[in-house]
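One-letter residues, chain by chain:
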Amino acid sequence: MKRRTGNLLTDRPELYEARFPDPERLAGRWAEDCLRRYGAGPAVLDLGCGTGRDAAFLHHAGRRVTAADLSATMLAHARAHHPGPDHVLADLSRFDFGQGVFDAVVCLDSSLLYCHSNEQLDGFLTSCHRTLAPGGLLVAEMRNGAYFLGRAEPPAEPAVSRFTRDGTTYRSTTVLRIDRAAQLLRRTRHWTADDGSPPVEEHSAWRLLLPQELRHFLTAHGFDVLGLYDGPGPRTEPAWRPGAEPGTAADGDRLHLVARKPHTTPAPPSARSGKRVRP
């Protein structure tokens, strides 16, 4: 049987929500808690919105939400099943919605880590800084590159999982590999289904960012880092619950970020010191 290459869960968003259910909307609730905790205004951009359920939660919480993704299939699902926000096609590594348009940018579920290169990460942060109003927040949740420091390689044996939707059972075998030269966590996943459809082979990767590395990128792009910690969050064990305070460590398997675009742009060091800089 011929195997096709693609991404089963991106091609069929209803399967994504079946494979990764979030009935309590923990991701959206955690993001809303961060926005309230740090006083964000109502206009929010959800980057890498996927199926749109987190953007819809923020909309129902009273936010004016624009939900952006690079997948037209995901956006179509979001419009049909999670209405409320404006849904737009955009590349998170280079987007332009205008200057000072949003009070917050939200980027959940490791979407930021699809910026594999430094140039893509620079593009993401430059775009975020431009689109945020002064005082605006960047809130992100992702895998933590520091978690892999000093630990053994991911298991050589594939991880096997399954789920059933509408009477069809889908099975996956997943192999992870650390590409240290590229600083990527590479994933190969094989899907089969008992409905006779062709198997699917997926290839994907996430950038492995270290907390101090991420802090440096943020500072270089003009952000003040307000929080950078491993938990609790929507995908941690134990999971975040309302009222939970942000942690102080940053060595768990997830990383949570809150950064602010300053209200004013600081003057260069030479201007603050009053010294004249030679041409």
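Preceding this paragraph is the structure being described.
Residues numbered from 1 in each chain as written. Predicted model: local features only at pLDDT ≥ 70, side-chain atom pairs only at ≥ 80, totals over all residues. Heavy atoms only, no water.

## Notes on the nonpolar core
Leu47, Leu112, Phe124, Leu138 and Leu257 are the most contacted members of the largest nonpolar core, which has 35 residues in total. Listed by contribution, the elements that provide at least two residues to this core are strand S2 (43-47), strand S5 (102-107), helix H6 (118-131), strand S6 (132-143), helix H7 (211-220) and strand S12 (254-260). Setting aside anything within four residues of it in sequence, one finds Leu47 in contact with Ala68, Leu92, Phe95, Val105, Val106, Cys107, Leu108, Ser111, Phe124 and Cys128. (Core = buried A, V, L, I, M, F, W, Y, C linked by side-chain atoms within 4.5 Å. Buried < 20%, exposed > 50% of the residue type's maximum accessible area, 1.4 Å probe, protein only. Helix = DSSP H or I, 4+ residues; strand = E, 2+ residues; numbered from the N terminus. Contact = heavy atoms within 4.5 Å.)

## Thoughts on the pairing of strand S8 (residues 168-179)
For strand S7 (residues 159-165) and S8, the ladder comprises seven bridges, and the chain directions are antiparallel. Following the sheet pairing, Ala159 is matched in S8 by Thr174. Turn length for the S7-S8 hairpin, with the two strands adjacent in sequence and antiparallel, is two residues, and the turn residue Asp166 shows positive phi of about 50 degrees. Inspection of the sheet shows S8 paired to strand S9 (residues 184-193) by 10 bridges, in the antiparallel sense. What sits directly across from Arg171, in S9, is Thr192. The turn joining S8 and S9, which pair antiparallel and follow one another in sequence, is formed by four residues; a positive phi near 60 degrees is taken by Gln183. (Pairing = 2+ DSSP bridges.)

## What about the packing of aromatic side chains?
Scanning the model with the defined rule gives six aromatic pairs in all. Here the aromatic rings of Tyr16 and Phe20 are separated by 5.3 Å at their centres, their planes lie at 50 degrees, and the arrangement is tilted. Look at Tyr16 and you get buried, because its relative accessible area is 17%. Its guanidinium or amino end placed over the ring of Trp206, Arg143 lies 4.6 Å from that ring's centre, counting from NZ or CZ. (Phe/Tyr/Trp six-rings, centres within 6.5 Å; stacked < 30°, edge-to-face > 60°. Lys NZ or Arg CZ within 6 Å of the ring centre and 35° of its normal.)

## Some points on helix H4 (residues 53-60)
Restricting attention to buried positions, one finds in H4 the residues Arg53, Asp54, Ala55, Ala56 and Leu58. Lining the buried residues of H4 we find helix H2 (13-19), helix H3 (26-37), S2, strand S3 (64-69) and S5. Following H4 by one or two positions, Gly62 adopts a phi angle in the positive range, close to 105 degrees.

## Description of unusual backbone geometry
Here Gly231 and Pro232 are connected by a cis peptide whose omega angle stands at 5 degrees. Residue Glu237 is joined to Pro238 through a cis peptide bond whose omega torsion reads -5 degrees. Note that Pro238 resides in the loop between strand S11 (224-229) and S12. Phi angles above zero are rare outside glycine, and Arg25 is one such case at about 55 degrees.

## Brief notes about the sheet that holds strand S4 (residues 86-89)
Taken in spatial order, the seven strands of this open sheet run S4-S3-S2-S5-S6-S12-S11, and their pairing is mixed. Because the sheet does not close on itself, it has two edges, and the strands there are S4 and S11. Within the sheet, the average angular offset between the axes of one strand and its neighbour, ignoring direction, is 15 degrees. As paired elements, S2 and S3 share five bridges and run parallel to each other. (Axes fitted to C-alpha atoms, helices over the stretch in contact; angles between N-to-C directions.)

## A few points about the environment of Glu213
Within the fold, Glu213 resides in helix H7. It is 26 Å that separates the C-alpha atoms of Glu213 and Leu70, two residues lying 143 residues apart in sequence. Ignoring any residue separated from it by four or fewer positions in sequence, one finds Glu213 in contact with Gln183, Arg207 and Leu208. At a separation of 2.9 Å, a polar atom in the side chain of Glu213 contacts the side chain of Gln183. (Polar contact = N/O pair within 3.5 Å; in protein donor to acceptor, adjacent residues only side chain to side chain.)

## Some remarks on the pattern of salt bridges
If you walk through the whole model with that rule in mind, you get 15 salt bridges. The partner of Glu14 in a salt bridge is Arg12, with the nearest N and O atoms 3.2 Å apart. Of the residues examined, Glu14 reaches a relative accessible area of 23% and is grouped as partly exposed. Salt-bridge contacts for Arg235 lead to Asp109; the nearest nitrogen and oxygen are separated by 2.8 Å. Here Arg235 is found in the loop between S11 and S12, whereas its partner Asp109 is found in the loop between S5 and H6, with 126 residues between them in sequence. With relative accessibility at 28%, the residue Asp109 sits in the partly exposed group. A cluster of three or more residues bridged by salt bridges with shared partners is formed by Glu24, Arg29 and Arg241. (Salt bridge = Lys/Arg side-chain N within 4 Å of Asp/Glu carboxyl O.)

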